[in-house]
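Residue-level listing of the chains:
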Amino acid sequence: MTTRHRRNGMLGAGMALAVLTAGCAAEASAGDDGLEVMASFSPLVFVAQRVAGEDAQVTNLTPAGSDPHNLELSPAKFGQLQEADLIVYLSGLQPATDDAVALLDVPVVDTADAAHADTPGGAGAEELPDAGSDPHFWLDPMRLAWAGHQVADALAELEPEHASQYRDRASALEEELAQLDDEFADALKPCADATVVTSHEAFGYLAARYNLNQVGIAGVDPEVEPSPARLREVMAVVEETGVRTIFFEVNATQKMAERLADELGVGTDVLDPMERPSDDDYVRVMRANLEALTRGLVCDG
C-alpha cells in the first residue's frame with residue numbers, strides 16, 4: 001500500500017539546509033532510466049529489486065559497511081530520497097529515515113505491516129515479537145514475501161501499464177520464498193522446541209516461524225552489555241537444555257559469546273540477521289543460517 005507524507009513546517013536548521021542542498025544535487029542527477037526506488041536496507045533492497053525488475057533503479061539507502069540502526073542522512077542521500085519515485089522502508093528501525101519520510105511528499109511502502117501480517121504456515125512456537133523492539137521480520141521468509149506484494153502494489157499504482165509485471169514478479173518471489181520456507185520447516189522439524197542461544201535477540205521471528213525458543217545473551221539492543229544476573233540465567237538455560245552451540249552475529253563482536261561458550265564447554269557458530277549491506281543474496285544467506293542451525297541445535301533426528 002502506498003501512502004504519502006506531507007512536509008512538516010517545523011524544519012530544523014540543519015535539515016532545512018539539507019533539503020535545499022540536496023534538492024539541487026538530486027535535480028542535477030535525475031535521469032530517465034525508469035522509476036527511482038530507494039530501499040532503506042539490504043533485505044528490502046532484495047525485495048524491491050526482485051519486484052521492480054528492469055523497470056526501476058533500486059538504491060540501498062544504507063552505505064556499505066554501515067549499521068542501518070545508526071544511519072545518518074547526508075544532504076546527497078536526502079536529495080535522493082526527495083527525488084525518488086518510491087521509498088521502501090521499515091518504520092521504527094532508522095530514526096533518520098523516519099524523520100526524512102515525514103518531511104517528504106514521496107510515495108512510501110512501510111513494511112512494518114509485514115511484521116504482523118497473516119502469513120500461511122509456520123509452527124508458531126511462541127508469540128510474535130514486538131515489532132517495535134525486534135524489527136527483524138524478514139528472517140521469516142513468508143513475511144518478506146508479503147512485503148514483496150506491498151512493493152508490487154505501490155509500483156503498480158505508480159505505473160499502471162506495468163502493473164501485471166510487478167505483481168507477477170511478486171508472485172514469483174513468493175514462490176521462491178515459500179520453497180525456502182519449506183526447506184527450513186523440513187530441516188528444523190526434528191528440532192522442535194530446541195533452544196537457540198544468540199548473542200542478542202534478533203531472531204524472534206525466525207524462532208516463532210520454526211518452533212524454536214530464542215534465548216538472547218543481550219536483549220534486542222546488541223550495544224547493551226548483559227548484566228551478571230542475565231549471564232547466570234543464560235548459563236543455567238544452556239546447562240538445563242543441553243545446548244551445544246552459542247550463536248553470535250556476523251559483523252558483531254563475539255567476545256561475550258565466546259567467553260560464555262568457553263566457560264560452558266560448548267561451541268560457537270554464526271547467524272546473519274542481514275542488516276548490513278552485503279553483496280550476498282538473501283536466499284543464500286538464509287540457507288547459510290539454516291546450515292548453522294542444523295549443525296548447532298540439539299535435535300531429535
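That block above? That's the structure.
Residues numbered from 1 in each chain as written. Predicted model: local features only at pLDDT ≥ 70, side-chain atom pairs only at ≥ 80, totals over all residues. Heavy atoms only, no water.

Scanning the protein for helices and strands turns up ten helices and eight strands. Taken across its 301 residues, the protein has 49% of its residues classed as buried. Considering only intrachain contacts with a sequence separation of at least 6, the fraction spanning at least 24 residues in the protein is 63%. For the protein, the exposed area adds up to about 14,000 Å²; of that, 48% sits on carbon and sulfur atoms. (Helix = DSSP H or I, 4+ residues; strand = E, 2+ residues; numbered from the N terminus. Buried < 20%, exposed > 50% of the residue type's maximum accessible area, 1.4 Å probe, protein only. Contact = heavy atoms within 4.5 Å. Areas by Shrake-Rupley, 256 points an atom, 1.4 Å probe, with all protein chains shown as cover.)

A few words now on the pairing of strand 6 (residues 213-216). With four bridges connecting them, strand 5 (residues 195-198) and strand 6 associate as parallel partners. If you follow Thr 198 over to strand 6, its bridge partner there is Gly 216. Running through helix 7 (residues 204-209), the crossover from strand 5 to the neighbouring parallel element strand 6 is right-handed. (Pairing = 2+ DSSP bridges. Right-handed = clockwise from strand over helix to strand, strands pointing away.)

What follows is about the packing of aromatic side chains. A full pass over the atoms with the stated rule returns four aromatic pairs. Judged by centre distance (5.8 Å) and plane angle (80°), the ring pair of Phe 137 and Trp 138 falls under edge-to-face. Taken together, Phe 41, Phe 137 and Trp 138 form an aromatic cluster joined through their ring pairs. (Phe/Tyr/Trp six-rings, centres within 6.5 Å; stacked < 30°, edge-to-face > 60°.)

Now for the pattern of salt bridges. On inspection of all chains with the given rule, the structure shows twelve salt bridges. Note that Glu 176 is salt-bridged to Arg 50, the shortest N-O span being 2.4 Å. One end of the pair, Glu 176, is in helix 6 (residues 163-188); the other, Arg 50, is in helix 2 (residues 42-52), with 126 residues separating them in the sequence. Look at Glu 176 and you get partly exposed, because its relative accessible area is 27%. The salt bridge involving Arg 287 is made with Glu 183; its shortest N-O contact spans 2.8 Å. Of the two residues, Arg 287 sits in helix 10 (residues 282-296) while Glu 183 sits in helix 6, which places them 104 residues apart along the sequence. Overall, Arg 287 belongs to the partly exposed group, its relative accessible area being 33%. On the accessibility criterion, Glu 183 (25% relative accessible area) is partly exposed. Taken together, the shared-partner salt bridges connect Asp 140, Arg 143, Asp 181 and Arg 209 into one network. (Salt bridge = Lys/Arg side-chain N within 4 Å of Asp/Glu carboxyl O.)

Looking now at the side chain of Asp 269. Examined against the element boundaries, Asp 269 turns out to sit in strand 8 (residues 267-271). What Asp 269 contacts, discounting residues up to four positions off in sequence, is Thr 245, Ile 246, Phe 247, Phe 248, Ala 292 and Arg 295.

In this structure, Phe 137 and Tyr 282 are the most contacted members of the largest nonpolar core, which totals 59 residues. When residues of this core are traced back to their parent elements, those giving at least two are strand 1 (35-39), helix 2, strand 2 (56-60), strand 3 (86-89), helix 5 (141-158), helix 6, helix 7 and helix 10. A per-element tally of this core places helix 5 first, with eight residues. Core analysis: the next-biggest nonpolar cluster, separate from the first, contains 15 residues, Ile 217, Val 238, Leu 264 and Val 266 among them. (Core = buried A, V, L, I, M, F, W, Y, C linked by side-chain atoms within 4.5 Å.)

Attention now goes to the side chain of Gln 214. Considering the arrangement of structural elements, one finds Gln 214 in strand 6. On the basis of relative accessibility, which here comes to 18%, the residue Gln 214 falls in the buried class. Of the polar contacts made by the side chain of Gln 214, one reaches the backbone nitrogen of Ala 202; its length is 3.3 Å. A distance of 2.8 Å separates a polar atom in the side chain of Gln 214 from the backbone nitrogen of Phe 203. (Polar contact = N/O pair within 3.5 Å; in protein donor to acceptor, adjacent residues only side chain to side chain.)

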